[in-house]
Amino acid sequence: MEALTNAEEKVMQIVWKVRKGFVKDFLAEISEPKPSYTTVSTIIRILENKGFINHKAYGKTHEYFPIVSKMAYRKFIFSRMLKDYFEDSYGNVMSYMVSEETLSEADIAKLEDLINDAEQQAGNE
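Residues numbered from 1 in each chain as written. Predicted model: local features only at pLDDT ≥ 70, side-chain atom pairs only at ≥ 80, totals over all residues. Heavy atoms only, no water.

Visitor: So, the packing of helix H1 (residues 6-18) against helix H3 (residues 37-49): which residues are in play, and what are the values?
Guide: In contact at an axis separation of 10 Å, H1 and H3 are set at 85° when each is read in the N-to-C sense. With respect to H3, the axis of H1 lies roughly perpendicular. Residues Ala-7, Glu-8, Val-11, Met-12 and Val-15 of H1 pack against Ile-43, Ile-44, Ile-46 and Leu-47 of H3. Its residues assigned to classes, the contact of H1 with H3 shows 8 nonpolar, no polar and 1 charged. (Axes fitted to C-alpha atoms, helices over the stretch in contact; angles between N-to-C directions. Helix = DSSP H or I, 4+ residues; strand = E, 2+ residues; numbered from the N terminus. Parallel < 35°, antiparallel > 145°, perpendicular 65-115°, else oblique. Contact = heavy atoms within 4.5 Å. Nonpolar A, V, L, I, M, F, W, Y, C, P; charged D, E, K, R; others polar.)

Visitor: Give me the nonpolar core: which residues, what numbers.
Guide: Among the nonpolar cores identified, the biggest contains 19 residues, and Met-12, Val-15, Ile-44, Leu-47, Phe-52 and Ile-53 are the most heavily contacted of them. No other element matches the 5 residues that H1 contributes to this core. The residues touching Ile-44, leaving out its near neighbours within four places in the chain, are Val-11, Val-15, Val-23, Phe-26, Ile-53 and Tyr-64. (Core = buried A, V, L, I, M, F, W, Y, C linked by side-chain atoms within 4.5 Å. Buried < 20%, exposed > 50% of the residue type's maximum accessible area, 1.4 Å probe, protein only.)

This is the structure:
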């Protein structure tokens with residue numbers, strides 16, 4: 001899998017949302033200012049060449065659908081970010097989030113619960 005450009009990712013987000021459709025369906029979901037039909041069509045073909053989507057042909061018309069899930073791409077991108085920017089350390093990610101004050105008290109409490117659950121599961125194995 002490879003990372004998507006900003007334009008490709010924007011269209012892919014729409015494909016994941018719509019699930020299957022024609023270029024006009026994806027174009028309808030893009031906010032203003034909308035790119036041209038041919039621009040979206042070109043990006044769709046690029047996404048297909050990269051292995052993110054596939055199509056079903058109805059004559060000259062194609063209905064597209066995702067073959068890479070949003071969760072799989074999220075995992076890929078997060079793993080890449082973790083490696084490239086946080087020295088492959090979840091602790092560094094957490095430290096960054098805390099130091100940047102991006103975590104609310106509710107977020108911190110939820111993380112504590114997740115850590116406690118993970119520790120209990122590790123102890124039960």
